[in-house]
Amino acid sequence: TSTYRLELPDELRNRRVHDRFHVSLLKPHIAHEDARFPNRDVRYFYDLGNYVEGETVVEDLIDHMFTPRLMFQVKWADGDVTWAPLSVCSKLAALDRYLALHNVTRPADLP
């Protein structure tokens with residue numbers, strides 16, 4: 001298959017690190033060189049912080065479009081960009097910034 005699943009240590013699985021990758025993203029393992037990188041602890045994992053189920057951070061709203069409903073292009077703090085409906089974006093501070101940038105008054109019926 002073109003997708004591989006890696007066996008990750010419990011510490012990474014608990015931090016919700018994704019374990020499936022397309023073959024094009026994988027490269028052969030090259031062992032580290034103790035002479036070039038002395039005292040490197042290969043068991044230390046970067047602190048990703050505490051994950052809270054459902055918690056995400058919106059960096060900005062960067063575009064909008066009308067499908068049958070109003071959708072906003074959301075730029076997340078982790079770098080992802082997705083489309084979300086107004087119902088998801090209505091309480092975001094980023095929506096107020098986006099509307100102000102486009103000289104649009106917030107509709108009174110928005111929460």
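For the structure, see preceding data.
Please read these numbers as outputs of a predicted model, since none were measured by experiment.

Reading guide: rules and limits
Residues numbered from 1 in each chain as written. Predicted model: local features only at pLDDT ≥ 70, side-chain atom pairs only at ≥ 80, totals over all residues. Heavy atoms only, no water. Salt bridge = Lys/Arg side-chain N within 4 Å of Asp/Glu carboxyl O. Helix = DSSP H or I, 4+ residues; strand = E, 2+ residues; numbered from the N terminus. Buried < 20%, exposed > 50% of the residue type's maximum accessible area, 1.4 Å probe, protein only. Pairing = 2+ DSSP bridges. Axes fitted to C-alpha atoms, helices over the stretch in contact; angles between N-to-C directions. Contact = heavy atoms within 4.5 Å. Arc of directions from axis to C-beta.

Draft legend 1. Just the pattern of salt bridges, in detail. Taken as a whole and judged by the stated rule, the model has three salt bridges. In this structure, the salt-bridge partner of Asp19 is Arg5, at a minimum N-O distance of 2.7 Å. With a gap of 14 residues between them, Asp19 in the loop between α1 (10-14) and β2 (20-22) and Arg5 in strand β1 (residues 3-5) connect regions that are remote in the sequence. Residue class for Asp19 comes out buried when judged on its relative accessible area of 14%. We note a salt bridge from Lys75 to Glu59, for which the minimum N-O separation is 3.3 Å. Placement of Lys75 in strand β4 (residues 70-76) and of Glu59 in strand β3 (residues 58-66) is noted, with a sequence separation of 16 residues between them.

Draft legend 2. Molecular detail of the sheet that holds β3. Spatially, β3-β4-β5 is the arrangement adopted by the three strands of the open sheet, whose pairing is antiparallel. Of all strands in the sheet, those bounded by a partner on one side alone are β3 and β5 (81-85). Between one strand axis and the next, the sheet turns through 30° on average, direction left out of account. In terms of strand pairing, β3 meets β4 through seven bridges, oriented antiparallel. Pairing of Leu61 across the sheet is with Val74, part of β4. Sheet contacts for helix α3 (residues 93-101): β3 and β4; angle to β3, the most-contacted strand, approximately 55°.

Draft legend 3. A look at α3. Turning to α3, its buried residues are Ala94, Leu95, Tyr98 and Leu99. Across the axial projection of α3, the buried residues extend over an arc of 135°, all falling on one side. Residues Ala100 and Leu101 are exposed on α3 and point more than 90 degrees away from its buried face. Next to the buried residues of α3 lie β3, β4 and α2 (86-89). Among the residues trailing α3, Asn103 stands out with phi positive, at a value near 55°.

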